[in-house]
Every structure is written in C-alpha cells, then in structure tokens.
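Inside the fold
Residues per chain are reported as follows:
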Amino acid sequence: MKVEQFKRECKSVQYYNMIIEEYDNRIRTLDELLDNLENKNTGNTKNLLLEQEELLIERKDFENRRNEVWNKISKIDEKNDQQMLIDAFINRIYYKKLIHKYHFNDSSALYRHINSVIEKLI
C-alpha cells in the first residue's frame, strides 16, 4: 500500500462508520420484521433472512476495512505520531491547527513528517 492510498483509507474511516451504522439500522429493522413475521407464520421469513444475511456480510466488509486502518495506526510506536495521523486524516482537523498543536513551522514540514511516519508503517 502506498502513502497516498493509506491517507485515502484513513479519510474513509468516517464514511465506513456511517455505513456500518446504516447497516446496523437496516439489520435491526429486519430483526423486528422477522419477529413479527415469525409470530404470524408468513412465507416472507426466508426472503428476509437472506436479505439480513447479505447485509451482515456487507457490513462485515466495511468493518474489516475500518479495522485494518486502525490496526495499522496502532502499530505506530510514537503515540504522538498516532494521534497526528488520526487528527489529520480521520478527524480532518484543519492543517493550521495541526501545525500549532504539534509544533511545526509550516505545513510542508508537518506533511513531510506524516509521510515519513506512513512510509515506516507501510
């Protein structure tokens, strides 16, 4: 995985969280429907179970992608560097705030440091 690709994956974590939450809501809705259908013994139960299984598989895919990013970030030895990556690409904090928070002179120095941390990680 290249540096820029890892940055894109980090930026996608918020999206993955949102999608996982949507899947959870849809699965919960199907659970409620299944509870109601089981009480009434209708023929729709099999279709709903198949749909629920498909949703669970898709949800797991997004969860795996998100966890892969977090696992890689957790392998960074310096906690300060971990937090810097999280702030820059997951929390998307404005770069001028990052420069001030992490005591860099300018944005190029900040991003050079971030790139070197990612290169060591990959």
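Scope of this entry: the structure provided in the associated data block. The numbering scheme is per chain: residues are counted from 1 as the chain's sequence reads. Confidence filtering applies because this is a predicted model: local features only for residues at pLDDT of at least 70, side-chain atom pairs given and counted only at 80 or more, and all residues used for totals across whole chains, interfaces and linings. As a convention, hydrogens and water are excluded, and side-chain values are obtained from all of the structure's heavy atoms.

A few words on the overall build of the protein. Numbering of helices and strands runs from the N terminus, with a helix taken as a DSSP run of H or I at least four residues long and a strand as a DSSP run of E at least two residues long. Counting its regular elements, the protein contains six helices and zero strands. Along its sequence from the N terminus, the protein presents helices and strands in the succession α-α-α-α-α-α. In terms of C-alpha radius of gyration, the protein reaches 20 Å, well past the compact-globule figure of 14 Å for 122 residues. The dimensions of the protein, computed from C-alpha atoms along their principal axes, are 70 × 25 × 20 Å. Using a 1.4 Å probe on the protein chains alone, a residue whose accessible area is under 20% of its type maximum counts as buried, one over 50% counts as exposed, and one in between counts as partly exposed. Burial status across the protein gives 34% buried among its 122 residues. Look at the contacts in the protein between residues 6 or more apart in sequence, and 60% of them connect residues 24 or more apart. The globule rule used here is 2.2 Å times the number of residues to the 0.38 power, and the radius of gyration it is set against is calculated over C-alpha atoms. For this analysis, residues touch if any pair of their heavy atoms sits within 4.5 Å.

Moving on: the nonpolar core. Take the buried Ala, Val, Leu, Ile, Met, Phe, Trp, Tyr and Cys residues and link them wherever side-chain atoms come within 4.5 Å; each set so joined is a nonpolar core. Formed by 20 residues in total, the largest nonpolar core has its most connected members in C10, I73, L85, F89, I90, I114 and I118. Those elements that provide at least two residues to this core are α1 (3-11), α3 (45-74), α4 (79-90), α5 (95-101) and α6 (107-121). For this core, the leading source of residues is α4, giving six residues. Ignoring sequence-local partners within four residues, the contact set of I118 consists of V3, F6, K7, L85 and F89. Residues Y16, I19, I20 and L34 belong to the second largest nonpolar core, which totals eleven residues.

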